Each structure stands twice: as C-alpha cells, then as structure tokens.
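Residue-level listing of the chains:
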Amino acid sequence: MERSFLLKNPSVLVFLAVLAMFTIAVTVMSEAFGAGLVSTSFVKTLGKTLCLALIALAMDLVWGFAGILSLGHFAFFGLGGYMIGMWLMYERTRLIVEESMAQAAIPPTDSEVVDAIGSQIFGVVGSADFPPIWMFADSLTAQLVLVVAVPGLLAFVFGWLAFRSRVTGVYLSILTQAMTLALSLYLFQNDSGLRGNNGLSGLQNLPGVTASQDFVSIWFFWASALALGLGYLFAAWLVSGKFGSVLRGIRDNEARVRFLGYSVEGYKLVIFTVSAMIAGVAGALYYPQAGIINPAEIAPIASIYLAVWVAIGGRGRLYGAVIGAVFVSLVSTYFTGGQAPNINLGVYVISWVDWWTVLLGLSFVLVTLFAPQGIGGLVDLFARRQHPERHGADLGPDKGALRESEAEQ
Amino acid sequence: MLKRVLVIVLAAICLGAVAQAQTDDAGGAGLGAIQVILQDQAEIIVESSRQTIAPAIDAVADSGLPQAQRVMEVWQARDMYRRISDGLFFAAEETGDDVWTLTDFDTGANVGELSGDALEQIKPNSGVRSLIGTALVRFQLNDPDPAKREDAISSLERRANADLLDPLRASIEGEPDASLKARKIRTERMLTVAYEPDEAARIAAIEELSGDLGVDVRAALNPLVATTIRAYPDGVPDDVNLAAILTPGTDALSRAEAYEMTDGPALVSDADLMNALQANIDDGMVGGVPVAALSDPGRRAAAYGALADAGVVAPRPTEAQVQAALDAVTFAAIYSDPSPAVTQAAEAALAKIATNVGLNQVFDLGLDALSLGSIYFLAAIGLAITFGVMGVINMAHGEFIMMGAYTGFVVQQVVPNHTLSIVLAIPLAFAVTFAAGVALERLVIRWLYNRPLETLLATFGVSIALQQLAKNIFGTQARPLTSPDWLGGAVVINDVVSISTIRIAIFVLALIFLAVFLFIMKRTRLGLETRAVTQNPGMAGAMGINPGRVNMLTFGLGSGIAGIAGVAIGLYAQVTSEIGQAYIVQSFMTVVVGGVGNIWGTLLGAGMIGALHKGIEWFNPSNTLAAQTYMIIFIIIFIQFRPRGIIALKGRAAGD
C-alpha cells in the first residue's frame, strides 16, 4: 500500500529528498554544527521560511484542492503561535521569578509565585491576574494539544456556520477575512488576556535551556523541516486517495458532487479544519523563531499574502505551494532587507525597499492573468501537460461550460 | 473695621478741605480715599500672596467707593504700579520708550510721567487675580458693558460664593439683555441650592433645576446627596439625615473597610505578616516552624499564631471575632446635608435628570449611528456598483478611496482656499479615480469576468502596489485634509446632544449619492444598459449594446464615486496610504449584509452596521476595538440566517 502511494506520487519522494538535502546542507554550514557559513539569524530566517511553506501547504489543501479561498489562515497560524507562546512565556517567567524569590528570607507560597508571574507578564497591560485562558499555561502537554485544538475548533465552528448556510466563493473569502480581522481586533485589546498589542515576547528563549541561540535555532530548523516533511507526506496522502478526488470534484463543480450524493459540507469542513490544524502547528514552530507574536501578525493582509504565495507557486499542486512560499518570502526578505543594490536612473534612484512591494503586486497581477499555474507550471512544460485555455466568451448559460477557445481545441 | 471707617472719614474730610489743592503733591493730607485704603494695605498688596491678600481685597471691595471697581480691574490686569519715591499706587501705562504715564485712582487725573526705574509693578499671581476677579463680580454684575456682565456671570458659574447671592439677585431685575438675564436666573437658582438658608426656597430651586441637563446643575446637586459612612454601636440616632443602612461585605461597603471602623483589634495584612515572620527568624525557625516549611500558607498562620501566643506580635483577630465586631455595630450612610426634605428633593431631581440624560443619550447615540452609517454607506456605495451590480470583486476599491483623499490633499496644496479647494477636489477626485477604474477594468478585470476568485487576487495585487506607490510618493506620515471653517463647528442641541457639522455634511453627501445612484440606474441609458449587461451579456450584445464599453463605464463610475467618498472621508480622518484598508472589509460587509445588487439593501446594511457598532460601543464605551470585533461576529452569524442579505434579489435578477 505504502509502495503504491509513493509510486503514484513520485513528487513526494523528490520533495522529501530535496528537503533532507537542504536540511543537511544548512546544518553543515551553520554556526552551531559546521563551517559557520550560514549565520544564526539566517538559519532562523530559513527555519521560519519552512514554517511558511507548511502553512502554504495547508492553504493549498483548502484552496488548490477544495476551492475554498480562505483569506483568514493566518488567524490559525497566529493562534498556534499564541498557544505555544503562552507556555514559553509562562515557564520562562516562572524560572526567573523563582530564582529571584529564592533570595527572600521566607520561601514563597505557590500562589505567591503565580501572582508574581502574573504581575511580571501582565504588568505592561496594567493587570496582575491570570485570565482564564491561561489556565493550562503551566503545562507544556496541554498547550501542545491546544496548538492543534484551538485553531481546529475555531475552523470547525466557523466552517460549520459558513458551509452549512452554503456561503461559497468570494462571499466565503470575505467572511474568512472578516474572521481574521475580528480576531486581530479582539487581540489588540488589553483585556483580551493576551497582552494586547504588546503580544507575547521573548519566545526565542527556551525555558531551562542554556545552549546558545546558535544551537536553539538549528533545533527549530530541524523541527520545522521535520514538520514540513511530515505535513507534505500527510497532505499528499490525503489528496491522492478518494478523499482527494471528492475534494477536486467539489472545487470544479460543487453542485454536481452534491447531486452524486456526497456530503459536500462534511468534506469541506474536514479539509478546512485539518488545514487549520496544520496552520496552527506551523505557527507554533514559527513564532519561537521569530521571538515575538502580536495581533498585527494576524491582520487580514498577512493571509492575503499567503494567497499570493500559493498563487505564484502554483495552486492545486503541493510542491507549488511550497515553492511559492519559499521563493516569494525569501526574495521579499532579500529586497526589503536593504541588501539589494539600488538602481540609479540618473533622475531617480530606485530603492528596492520602497519599490519591491509595487513590483510584487504587479507581478502578482501578471501571474494571475498570464500564468495561472504559477511557478509550478514550469514543471508541466517539461512534462508536456496541456491545460485548458479558459479565456474567451461563454458558450453556454452555465459558468462551468466550455469557453470559446477551449471548444476550438 | 472701626479704624478703617475712621481713616475713610478722615480722608474724606481732608479731600473736602483741600479740595483741588492736591495736584502733583501726593504726600500728606492730599491722599485720595482709595489711596488711603491702598496705603493701609500696602504691605500685603506688595507681598501679593494668595494666602494673605484677602484683607486687602476686602478693604477695597467693601470701601463703597466708586473708584473701587477701577482699582481692582487695574490691579487684576497687572497695570497697578507703586511709585518708589513715596510708595503711592497708580494706574500706569507705557506711553513711550520707558516712559510711563501715571493716573491717579481717585481723581482719574494724569499725575505725570516717570521712567520704569522709578516704579514698582504690582504683580498679582493667578491665584490672587482670581480672588480679585471674584471680588469684582458684584461690581461687574451691574456694569453697563454687557461683556463685563457676562464675565461676571461666568466667574460666578465657575466659582460660586455665598456672599454674591444677594448682589446677583439684586442685579436680575435691572438686566436688559434677555440671554444674560436667563443665565443670571439659572446661576441664581444654583447658588440658592447651595447657599440659601431657607429650606423651602432651596427645595423650590432644586425642583426648578430638575429639568436642566447641564453638567453644572448635576455638579451643584451632587454635593447635596453626598454621603459619609459611619458606624453606630447603639443603632442610628434619629437626629441624623439617614441615606441607607449598609451591610458589610456588599459593594457599598467591604468587610475590611467596615471592620476598620469598629474598635476591634487591627487586622494583620499579608505584608505585615510576612514582615513579622521575617523579623522573628531565629536559627532557621519562626515560632517553632522551620523556615523552609513556610511556603505553605497554613504553616505560616501557625507560625504567626505561635509568635502571637509568645507575645512577640499582636494577635490576629479570628473570623468569629471580626464577625462579632461587625455585628455589634450598625453601619449607615449619612447625608452631609442635615435636611431630609432637601436631600429627598435633590435625589428626586437627580433621578429625573438621569432619566432625561439617558433619553438624550439614546438620541445622541442614534445621531452617531446615523453618521457612522452614512460613512459606511459612502465607502460602500462605489462597491455597490462594481460588486453589487456588476459582481466584480475589487479589492483595490479601498485604494480608490485613498486616491480620492490624496487628490483632495494635493488640490489643497495648490489652492489654499479651503472651500474652493474642496469644490475643485470633488470633480477632480472623480476624474482621477474614474480613469484609474477604467484602466483597471481594461487591463485586468476584463480578462477575468466569471472568475471572481481570480479577480479578487489580481485586484489585491493592484491594491498592494497602489498602497506602496502612495507610500513612496506621499510618505508614511498622515497628511491632513483641512475642512473649510463652515464645516468645522458642531450643532449643539443641549449639553448631551451634539453633532459635528462635518458629519451632517457626510450624511447629506450620502443622500446625494443615493439619489445620483438611483437616477443613473433607473433613469439613464447607461443604467438600463448596465442592468441588461449584468443580467445577460449575450442578449444585451444582440440588442446592440456593447457590453465591454458598458462594463468599462460602469466600473469607472463605481470607482469615481469611491474617489469622491475618499475626499469626504479624508476630511474627518487622517489621510494615510492605509486609509482604504480601514474601510474595505467593512464596505464589503455592508454590501453583503444589505444584499448584493440592491442599493436599498446597502443603505439598510450601512445603517444596521452603524447602529450595531454604536450600540455595542455604548455598552463598553472605552473599547471601540471590542465593538468592531463583536460587530463582525454578529455579521457572520447574521449571514447564517439571511445568506443573501437583508434584501435578497429574487427570480431572474438573482442570477445563478
């Protein structure tokens, strides 16, 4: 069974091999284990990029395969980050507080320790008490479960409401965008219990770990690579079987799948929830590498960028999503980081920091218009696969009917 | 007092005796009456301290001399000088380069010129000046100049004073100006509430004031119902004005506060307990408990108990002792005003005012909701055309709003006159965004009809490009778009209800847009063609309509309206490159909630979202973020029940 799955999906093996080679190469060149050719901060950037590739994978599952353009996936990503961030922050503050309290003449009671942690963490928002949502913050296991459970639950409830009332297409996209906007606005309040716009910080320090950031960053890099590899395997398995076929059917003609007797809502709900859980895992790995999470991270614009990555990489194919996320985010880092040389036109100096976003926006328009298959479409050039040409006038009353230029082929 | 009268009498006699002989010779018997008083108080006048100045002001004010008012005005204005050579006070004015002309207070005559070196300015600080101002009020209340009378009333309103009640009452009768008279009467009522000794008159005044919504009225009434909490071991006596009997452990009175008022042994706070334990560590043990075991609260209490038993620290009262001490006394809130009739009248008046204020607040909230709704409507009406009628998702709509706002800003840089620049900016903004819309339609959207998700993505690309472009051109800082003066004010209906003129203007603009939209869609050829093309492009084409051209014009029209909305929004919000972002999600929500393809739905949607937003905000006024969050959640749930919006299109018009 396993053999046939891999034989049916040769791209999985190729992808895993490339990922493994990449991981080994970075490890060998890192400051922690090798030649030191790759700086620690760049290892972190690469680790974060792998996490972004993982959420792009999750996005591709819902958008590329099930046709649900979610403009709110960073809500799940951010929630995953918040969940792990709560434990990291609680545990690290606890260690600091216990150390300082050990100096006192009289040993502190448990509730005094908790109060001191509370005032340390919530001092910035003028509070000292733990809100109820921090109930499990002292337990790593519980928070790791929540990393998957909270995004999953939000996606389940939202998806159930939305799919049940047959909200589809752009309406669903706008609704998901509203969801992430609502969540980010909610978290911006000081009394949301997650420190308002300060967010959670100091996440790069693992509690109780004395190793330098050189090592910690490479550990996270490995974890991210592992998560991406497993996520890819899982996603490929998910879409290669019957389940995947039904999803593609829903994407191409929802009504027809429903008439065939499938529970379209159920399928959509499952893939939406699973995708949100993967996004939560990606976020939980991303934010310890970023070191800080705040509500601005889940503003609607972030999720739209996610759609941009997947579209540029090529939706409807898993490696396309990964390529898109890695390519666009690394290139963006290069251009907006100020490393790219400015172009002097004589009358005006083009500074890439300013003009990169303009270029990205325009190239995105061009990709949508002229290369809907994205970068992944280059693979088809080698494989000589043909895609229907969707331009031209309608030939029938149904929007799914063939277009003029398709019929001519 | 007697001495002062004597001096005045003496001075008057001197004045009569010497008659006009007192020219430049200001020494000796030639002093004017007010000068005598000033000399009498010279020391504290020169010292000019708020604490000690009162007798000097009283002396001048109570002198009964006609010159007193002028002296105090000059004094307050820091124009009073003392001649160093003989210590006399004059009003002085700098008439030339270091030349000061002195005027005598008593005669009003010019008494010569001096250089600044020979004069000492009396510099009353702001505290002293305000005391002088209060003393001046009684003179100014009857001043022939209405401006001065108004000043006097304002000063009375700010700083009430029991002594001024009678002068104020006396001045009401002769007041010629109707509005000033009304203010005098109102102030008199408030002073009566505060200072009138006669109870019936106070109650009458309180009742008269109960229809007034002013904050100052509430401020005048609130001290009457202020209470203090007292503990009575033998029950509440009859001679106090009782407000309520309080039970310890409620919101009004916590147990700890109540216990403080009893004479039981003092409570030991956690911090005191810790300090006591810390102070008594003896060889790693406290009261027989090892220090390491003190992380347990129970063991801590035990250790403290052992210390108390040994007599080292004060014992903690037990729970039963505390309860017994609390049970032994009655706690009561007592009005500081001794008259029950007055406090009752004040409570009743305050309750009536509170109801009144509540009703007015609801009305004010309604106005706010209406104005917020019209802003949403304004932002969404362009979308109602491009998205609602044509079905094109344009994520760059917000950036068209931004372009309109920046057009307004640029026009204002060129045309300094605010009114003219707004008048110019509106058509210009329409032109700019119309052109941008047509370009977007021709270059991008035309290729993506029937593929709404891809339209969404492509226009999003345009949106981020335009946003960054605006940042590159105008920078990241907010640009002001100044509204003309006639839009700057506010319409104030009473102390609770007011609305700024600019919001009224936006409301009117929204109505105009609605009318224009309806006119174009229902009464013009373009509207007819647009509706035809939307319903069936193939058939419309067969009827000789050019669908491409109609789509282009319709999209341009929707974009142009967004540009005008941008000018309006820019007038009251800061213009930044992100201004469009702030409205895009809400605008889509407005259109979707209202029902796609129906302008009345958009209107209802905007009204509903505005009302909802303000309504939620009312429950938690400090938190607009929460209001937005709950509003969006409400909308998500609303769409469950009416997936096609408030007004759903039916039949063929509904499309697929």
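This is a predicted model, so every value here is computed, not measured.

What about the overall build of chain A?
Here is step 1: Looking only at helices and strands, chain A has 16 helices and 4 strands in total.
Here is step 2: Taking 22 Å as the expected radius of gyration for a compact globule of 409 residues, we find that chain A reaches 23 Å, a close match to that expectation.
Here is step 3: By its C-alpha atoms, chain A is 90 × 55 × 55 Å across when sized along the principal axes.
Here is step 4: For chain A, with 409 residues in total, the buried portion stands at 43%.
Here is step 5: Counting contacts in chain A only where the partners sit at least 6 residues apart, residues at least 24 apart contribute 73% of the total.

Some words on the pairing of strand S1 (residues 80–83) of chain B
All names here are of chain B.
Here is step 1: Direction of pairing for S1 relative to strand S2 (residues 89–96): antiparallel, over a ladder of 3 bridges. Across the sheet, residue Met 80 finds its bridge partner in S2, namely Ala 91.
Here is step 2: Pairing of S1 with strand S5 (residues 119–121) involves 3 bridges; the strand directions are antiparallel. In the sheet register, Arg 82 faces S5, and the bridge partner there is Glu 120.

Some remarks on the sheet that holds strand S4 (residues 110–114) of chain B
All names here are of chain B.
Here is step 1: Taking strand neighbours across the sheet as the criterion, the 5 strands line up as S4-S3-S2-S1-S5 in an open arrangement whose pairing is antiparallel. Of all strands in the sheet, those with a lone pairing partner are S4 and S5, marking the two edges. Averaged over all pairs of adjacent strands, the angle between their axes in this sheet comes to 40°, without regard to strand direction.

Here's the deal with the interface of chain A and chain B
Here is step 1: Counting from both sides, the interface comprises 42 residues of chain A and, opposite them, 45 residues of chain B.
Here is step 2: Going through the elements one at a time, helix H7 (169–188), helix H12 (300–313) and helix H14 (352–370) of chain A are the ones with two or more residues in the side of chain A that touches chain B.
Here is step 3: For the side of chain A that touches chain B, the leading source of residues is H7 of chain A, giving 14 residues.
Here is step 4: Each residue belonging to the side of chain A that touches chain B can be placed in one class, and the counts come to 29 nonpolar, 10 polar and 3 charged.

What to know about the sheet that holds strand S10 (residues 330–335) of chain B
The strands that make up a sheet are held in pairs by hydrogen bonds between backbone atoms, and each pair lies either parallel or antiparallel.
Residue and element names in this part refer to chain B.
Here is step 1: With antiparallel pairing, 3 strands are arranged side by side in an open sheet as S6-S10-S7. Lying at the two open borders of the sheet, with one neighbouring strand each, are strand S6 (227–232) and strand S7 (242–246). In this sheet, neighbouring strand axes are inclined to one another by 30° on average, regardless of whether the strands run parallel or antiparallel.

Section: the confidence of the model for chain A
Here is step 1: In the predicted model, chain A carries a mean pLDDT of 86, and 93% of its residues have values of at least 70.
Here is step 2: Ranking the helices and strands of chain A by mean pLDDT puts helix H11 (residues 264–290) of chain A first, with 95, and helix H16 (residues 404–408) of chain A last, with 54.

Let's talk about helix H16 (residues 340–389) of chain B
Here is step 1: Taking 1.5 Å per residue, 50 residues should reach 74 Å; H16 of chain B reaches 68 Å between its end C-alpha atoms and fits that length.
Here is step 2: Leu 383 of chain B marks the point of greatest bend in H16 of chain B, at about 40°.

Notes on the nonpolar core
Taken as a class, soluble globular proteins show a tendency for nonpolar side chains to be buried jointly.
Here is step 1: Grouped together as the largest cluster of nonpolar side chains are 207 residues, with contacts concentrated most on Ile 55, Ala 56, Leu 57 and Ala 282 of chain A together with Leu 378 of chain B.
Here is step 2: The biggest single contributor to this core is helix H3 (residues 40–65) of chain A, with 16 residues.
Here is step 3: With residues near it in sequence (within four places) discarded, Ala 282 of chain A still touches Cys 51, Leu 54, Ile 55, Ala 58, Phe 77 and Gly 80 of chain A.
Here is step 4: Counting 58 residues, the second largest nonpolar core, distinct from the first, contains Leu 31, Val 60, Leu 88 and Leu 221 of chain B.

Some details on unusual backbone geometry
Here is step 1: Look at Arg 195 of chain A: it is not a glycine, yet its phi comes out positive at around 65°.
Here is step 2: Here Arg 195 of chain A lies in the loop between H7 and strand S1 (200–201).
Here is step 3: Of the residues examined, Arg 195 of chain A has 23 C-beta atoms within 10 Å and is grouped as buried.
Here is step 4: For Arg 78 of chain B, which is not a glycine, the phi torsion comes out positive at approximately 65°.
Here is step 5: Of note, Arg 78 of chain B is situated in the loop between helix H5 (68–76) and S1.
Here is step 6: Residue classification places Arg 78 of chain B among the partly exposed positions, given that 13 C-beta atoms sit within 10 Å.

Here is what the cut-offs are and how they apply
- Residues numbered from 1 in each chain as written.
- Chains lettered and ligands numbered in written order.
- Predicted model: local features only at pLDDT ≥ 70, side-chain atom pairs only at ≥ 80, totals over all residues.
- Helix = DSSP H or I, 4+ residues; strand = E, 2+ residues; numbered from the N terminus.
- Rg over C-alpha atoms; globule rule 2.2 N^0.38 Å.
- Buried ≥ 20, exposed ≤ 12 C-beta atoms within 10 Å, placed from the backbone.
- Contact = placed C-beta atoms within 7 Å.
- Pairing = 2+ DSSP bridges.
- Axes fitted to C-alpha atoms, helices over the stretch in contact; angles between N-to-C directions.
- Nonpolar A, V, L, I, M, F, W, Y, C, P; charged D, E, K, R; others polar.
- pLDDT = per-residue confidence, 0-100.
- Expected span 1.5 Å × (residues − 1).
- Bend = angle between axes of the 7 residues up to and from the residue.
- Core = buried A, V, L, I, M, F, W, Y, C linked by C-beta atoms within 7 Å.

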